[in-house]
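Take a look at the letters that make up each chain.
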Amino acid sequence: MYIIRHLVISTCLLLGIVIQVSQVAAQSGTAEHLLAGFHALDINQESHSFGNARPKVLIFLGQECAISQRYIPTLNELSTLAKAMEFDFYGVFSDSWATLEKAKQFQQDYEVNFPLILDSAEVIAHQLQPTAKPEAFVFNTKGELSYQGRIDDRFADLGKLRQTFSQHNLRDAITAVGNGQQPDIARTKTIGCFYGGWD
Amino acid sequence: MTAQRLALVTTVLLCTLFGSHSYAVPSTGSPTDIIGTRVIGTNGQFIRIGMDNGISPAALVFIDPSCAKTKDYLKDINRLHQSAHKQKIALYGVISSTTHTAKAAQAYVRKHNITAPVIYDGTGELTARLQPQISTESFMVNLSDQLIYHGNIDKLSMAIDATGTDTAIKESNTATAGCPLPKAQSLPKQVTYNQHIRPLINANCLTCHQDGGVAPFSLKSYTQSKPWAGMMAHVTQSRFMPPWKGISAPGHRFRNERRLTDREIALFSQWSKQGAKEGSIENLMPSPASDNSGWRLGKPDVLLTMDEAFEVPANGKDVYRYFVKKDAIPKDMVIVAVDFKPGDPAVVHHCNFFLDYDQRARKIDAKDPKPGFQVFGNGFMDYFGGSSGQFPLGAWAPGGEPVKLPEGMGIPIPAGGDFVIEIHYHLNGKKTKDQSTVALYLAKKPIQKTVTGLFVGTQDVKIPAGEKNYWRHFYMDVSNDLDLIDIAAHMHYIGKDVKIVATLPDGAKKPLLMIKDWDIRWQNVYVYREPIFIPKGSRIDAWFSFDNSADNPANPFKKPVEMKWGWASDEEMAEIYLTVYPHSGFWGEEWAAGVLLEDMMKPWQRGASANLSDIPSDSLFTL
């Protein structure tokens, strides 16, 4: 059975915000590719298709979220590792109040080395239901979700930074999926900024 | 679900929602929690009740603009404000949201030219606490925050005139005539941004959460605040925000306290649950003038800016660094306040100030090619080693308000010192530069009371690996009358609880400070509203606990190891710092910098004890 989803075609203007993400294809009820049919323009207007057979990391970020900001140097390292293992690696801003201008400023200020997607229409967020920012989603070559959760365990709680941490969950997930395996830990709880604008 | 069951569930829900946030009607002579309450005036300006200028008793007059009789009293309110002001009593009008919108309240104050500051009680907090029944009903609290007058406005002037005498209480509980006021709500049915949340944010959060502020995001408008509704509900509930850890006791609470009431926290929670609605424009209060525009205590007498900007890295462990201003004290001076402005507020987390008279810091600095030097692991201060060359001079933490010493008090500083600023940088993912500035305020008149600093602590610390609940106790016998002005505690990463109690010669206990769940990143100096008198023959006891288990996320070791006393981040400390005015010179009358001599400190400092049977219960410390 095919379910035709809401289409957001091409670039349109809504409240002055450029909608950069669209889902144009029908999705099969039996197909497992969670991102089939998703297309996006990154904030530098490069086009990306998410439904292909490359493994992927999507990481939800908040433009003003201190925990997201603090993780960017780590994410830059992880994106280098992931790219070397033939992954696509994206940062996603899925808030209705996220703006292109702030996204560009964020990319520049934090020297982000991976493409950033502005999902202010929250299309990707509705599909994946992230719980907090920054939350990582790792997909294997079939588009199956192999890992969802924190980057590592350095935050014990909001405002509680561990002095030593040992669980490098996102790195482990990338390494496992890159080697064609399922990560040992597939789901972790994310400590971060709450989503406030969608359910 | 049956109707009965539904009714039961509803009752339970209502009790949960409203039950714990209601206030009892205060009676005269009973303690209130009015002094220091953070509120917003009808003009949008931030007011701390009784703390506009130093600290003073406060009088509140509830005004109902729709009551014709109220108009007859407006002249009285202005006149009372004048006479109260002369007596150093802060008088405010209060217009409650139960009767009027913010805009209507503002228009009324303007139209009738009310010169007394008028609070708009948008959240209903003051109305809920004091529960006035009749328009122009008046309340007055003394410096100890006890209700000393509650009654009609006619007799308020007598209460004001009689401040400090018993007369005030005798005249209290007078009958009140006027229009009845609507009953105070424990919690409103619908919480909105404009009416409830904005005044709370403006009074409690905006100092840091504004553009260019210390916090990572601004909460200045509805558009900026709405996305954080869930987060605000969560972090206020857990009391992670506003950041404040110190608890003492009624009668000697902290002047720089920043805490929300349970009711205010419930408002944040309800706002988020109800969809973070904006509410009527009629309740939108004006924005306060930015307090980032200048120094909060006025033009400083001395400005000390770091010589060079320090490059703060994007990533890694937090940085603790010391910066030296050489020869910063060219002449003898008397300091009455210290303030601080971070160069890049996004990364400066907190700082401590020191004076160094034997150039110890500058010698260490010379060996480090970058601006300043890293010291965690090799403390530059040598007060344990017999030198009197270094001593601390206060601290700054985000959201902290600078406090001037009480009139007539000052810290004399001899010429010739270097000023040392210790900054804790909280890395935030981007490279930046910081060049911060310290401001010193000097006494304009000769002082009568020389204020000085005291360390009390123990080096007898040896925390076994894996020990979850390790306690140390130390004490100080007070050998001379003193006034305690402020207090701070110091541990490193695995510190857990702090309890400090003074036992007076008659056996009475004064709870001075409790900190639960210590966090090295939120080290505050806790300033008492008024100095606490601690007579000769008293004893100050301090208990410190540590969690050296692997469960403690702050433990610097993955596999816990024994931790001993030391300067390094993987060692621990247990100390309290007291700012005091000694009534007579047990250290001599000379410069304060001389008091930290090891030989003089000995009887004070070495009171370590393993006797832990008397650890005070948490309930001794109350709000």
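Predicted, not measured: the structure shown is a model, and the values here were computed from it.

Q: I'd love a proper account of the overall build of chain B, names of residues and values included.
A: For chain B, the helix and strand inventory stands at twelve helices and 31 strands. Counting every position in chain B, which comprises 623 residues, the buried fraction comes to 56%. The contacts in chain B between residues at least 6 apart in sequence include a share of 81% that link residues at least 24 apart. Carbon and sulfur atoms make up 53% of the accessible area of chain B, which amounts to about 25500 Å² in all.

Q: Quick rundown of unusual backbone geometry? Include the residues and the values.
A: Note that the residue after Lys133(A), namely Pro134(A), is joined by a cis bond; omega there is 10°. Turning to its location among the elements, Pro134(A) is positioned in the loop between β11 (132-133) and β12 (135-139). Residue Pro242(B) follows Met241(B) across a cis peptide bond; omega there is -15°. Among the secondary structure elements, Pro242(B) is positioned in the loop between α9 (229-237) and β8 (246-247). Despite not being glycine, Asn113(B) shows a phi value in the positive range, around 50°. Within the element layout of this structure, Asn113(B) appears in the loop between α3 (102-111) and β5 (118-121). For Thr136(B), which is not a glycine, the phi torsion comes out positive at approximately 65°. Turning to its location among the elements, Thr136(B) is positioned in the loop between α4 (125-130) and β6 (138-141). Look at Thr136(B) and you get buried, because its relative accessible area is 3%.

Q: I'd like to hear about the domain arrangement of chain B, residue by residue, with values.
A: For an interface, size is often stated in terms of accessible area lost upon the parts coming together. Residue and element names in this part refer to chain B. As assigned here, chain B comprises domain 1 (3-164), domain 2 (193-283), domain 3 (291-449) and domain 4 (451-623). In this structure, domain 1 and domain 2 have C-alpha centres spaced 21 Å apart. Taken residue by residue, the interface counts 23 residues in domain 1 and 22 residues in domain 2. Where domain 1 abuts domain 2, roughly 1900 Å² becomes buried across the two surfaces, and 49% of that area is made up of carbon and sulfur atoms. Run the count over domain 1 and domain 2 and you get two salt bridges.

Q: How would you sum up the packing of aromatic side chains? Please name residues and give values.
A: All names here are of chain B. Enumeration over the complete set of coordinates arrives at 25 aromatic pairs over all chains. Aromatic side chains Phe62 and Phe139 sit 5.8 Å apart centroid to centroid with 80° between the ring planes, which places their arrangement in the edge-to-face category. Taken together, the residues Phe62 in strand β3 (residues 58-63) and Phe139 in strand β6 connect sequence positions 77 residues apart. Residues Phe62 and Phe139 agree in their burial class; the two are buried. Here the aromatic rings of Trp244 and Tyr526 are separated by 5.0 Å at their centres, their planes lie at 85°, and the arrangement is edge-to-face. Separated by 282 residues along the polypeptide, Trp244 in the loop between α9 and β8 and Tyr526 in strand β27 (residues 526-534) bring together distant segments of the chain. Residue classification places Trp244 among the buried positions, given a relative accessible area of 8%.

Q: Before we move on, could you go through the side chain of Ser30(B) and cite the residues and values that matter?
A: On the secondary structure map, Ser30(B) appears in the loop between α1 (3-18) and β1 (38-40). Leave out the neighbours within four places in its chain, and Ser30(B) touches Asp145(B), Gln146(B) and Leu147(B).

Q: Just give me the short version of the state of the cysteines, but keep the residues and values in it.
A: The full count for this structure, using the stated rule, is two disulfides over all chains. Paired through a disulfide, Cys65(A) and Cys193(A) show a sulfur-sulfur distance of 2.1 Å. Torsion about the S-S bond of the Cys65(A) and Cys193(A) cystine: about 85°, corresponding to right-handed handedness. Taken together, the residues span a long stretch of sequence, with Cys65(A) in the loop between β8 (56-60) and α1 (66-84) and Cys193(A) in strand β16 (residues 193-194) at a distance of 128 residues. No difference in accessibility class separates Cys65(A) from Cys193(A), as the two residues are buried. The disulfide bridge from Cys67(B) ends at Cys179(B), spanning 1.9 Å between sulfur atoms. Taking the sign of the S-S torsion, 75° for the link of Cys67(B) and Cys179(B), the bridge is right-handed.

Q: A description of the interface of chain A and chain B should follow, citing residues and the corresponding values.
A: Facing 26 residues of chain A, the contacting portion of chain B comprises 29 residues. Here chain A and chain B share an interface that buries about 2400 Å² over both sides, 55% of which is from carbon and sulfur atoms. Considering only the surface of chain A that becomes buried against chain B, Arg70(A), Gln163(A) and Phe194(A) emerge as the three largest contributors, covering 28% of it. In this structure, the connection of chain A to chain B is made through three salt bridges. For Asp318(B), the salt bridge identified is with Arg70(A), shortest N-O distance 2.7 Å. One can count seven residue pairs in polar contact (both at pLDDT 80 or more) joining chain A with chain B. Looking at the side of chain A that touches chain B, the elements with two or more residues in it are α1, β15 (160-161) and β16 of chain A. Per element, the largest residue contribution to the side of chain A that touches chain B is six residues, and it comes from α1(A).

Q: Account for the sheet that holds strand β16 (residues 409-413) of chain B, with residues named and values stated.
A: All names here are of chain B. Across the sheet, which stays open at both edges, the five strands sit in the order β9-β19-β12-β16-β20 with mixed pairing between neighbours. Each edge of the sheet is formed by a strand with only one pairing partner; in this case those strands are β9 (302-305) and β20 (449-450). Summarising the sheet, strand β12 (residues 333-341) and strand β19 (residues 437-442) pair through six bridges and their orientation is antiparallel. When the bridges of β19 are listed, Ile335 appears paired with Leu442.

Q: Provide a residue-level description of the pattern of salt bridges, including the pertinent values.
A: Residues and elements named next belong to chain B. Across all of its chains, the model carries 30 salt bridges over all chains by this definition. We note a salt bridge from Asp368 to Arg321, for which the minimum N-O separation is 3.1 Å. Here Asp368, found in the loop between α11 (360-366) and β14 (373-374), pairs with Arg321, found in strand β11 (residues 319-325); they are 47 residues apart in sequence, far enough to count as distant. The exposure class of Asp368 is partly exposed, given its relative accessible area of 22%. According to the relative accessible area criterion, Arg321 is buried, its value standing at 4%. Here Asp618 makes a salt bridge to Lys516, at a shortest N to O gap of 2.8 Å.

Q: Before we move on, can you summarise the packing of helix α2 (residues 68-86) of chain B against helix α5 (residues 153-161) of chain B with the specific residues and values?
A: All names here are of chain B. Axis separation between α2 and α5 bottoms out at 11 Å; the angle between their running directions is 5°. Taken together, the axis directions place α2 and α5 in an arrangement best described as roughly parallel. Along the contact surface, α2 presents Tyr73, Ile77, Leu80 and Ala84, while α5 presents Ile153, Asp154, Leu156, Ser157 and Ile160.

Q: An account of the nonpolar core is needed here, citing residue identities and associated values.
A: Of all hydrophobic cores here, the largest spans 58 residues; its most connected members are Leu61(A), Leu75(A), Phe89(A), Phe114(A), Leu170(A), Ile201(B) and Trp271(B). In terms of residue count, α1(A) provides more of this core than any other element does, six residues in total. Judged by nonpolar contacts, the second largest core, of 42 residues, contains Ile463(B), Val478(B), Ala502(B) and Leu578(B).

Q: So, the environment of Ser144(B): which residues are in play, and what are the values?
A: All names here are of chain B. Position of Ser144 relative to the elements: it lies in the loop between β6 and β7 (147-151). The class for Ser144 is partly exposed, based on a relative accessible area of 39%. Residues Ser144 and Ile34, spaced 110 residues apart in sequence, show a C-alpha to C-alpha distance of 10.0 Å.

The rules behind these values
Residues numbered from 1 in each chain as written. Chains lettered and ligands numbered in written order. Predicted model: local features only at pLDDT ≥ 70, side-chain atom pairs only at ≥ 80, totals over all residues. Heavy atoms only, no water. Helix = DSSP H or I, 4+ residues; strand = E, 2+ residues; numbered from the N terminus. Buried < 20%, exposed > 50% of the residue type's maximum accessible area, 1.4 Å probe, protein only. Contact = heavy atoms within 4.5 Å. Areas by Shrake-Rupley, 256 points an atom, 1.4 Å probe, with all protein chains shown as cover. Domains from an automatic or database assignment. Buried area = accessible area lost by both parts, 1.4 Å probe. Salt bridge = Lys/Arg side-chain N within 4 Å of Asp/Glu carboxyl O. Phe/Tyr/Trp six-rings, centres within 6.5 Å; stacked < 30°, edge-to-face > 60°. Disulfide = S-S within 2.5 Å. Polar contact = N/O pair within 3.5 Å; in protein donor to acceptor, adjacent residues only side chain to side chain. Pairing = 2+ DSSP bridges. Axes fitted to C-alpha atoms, helices over the stretch in contact; angles between N-to-C directions. Parallel < 35°, antiparallel > 145°, perpendicular 65-115°, else oblique. Core = buried A, V, L, I, M, F, W, Y, C linked by side-chain atoms within 4.5 Å.

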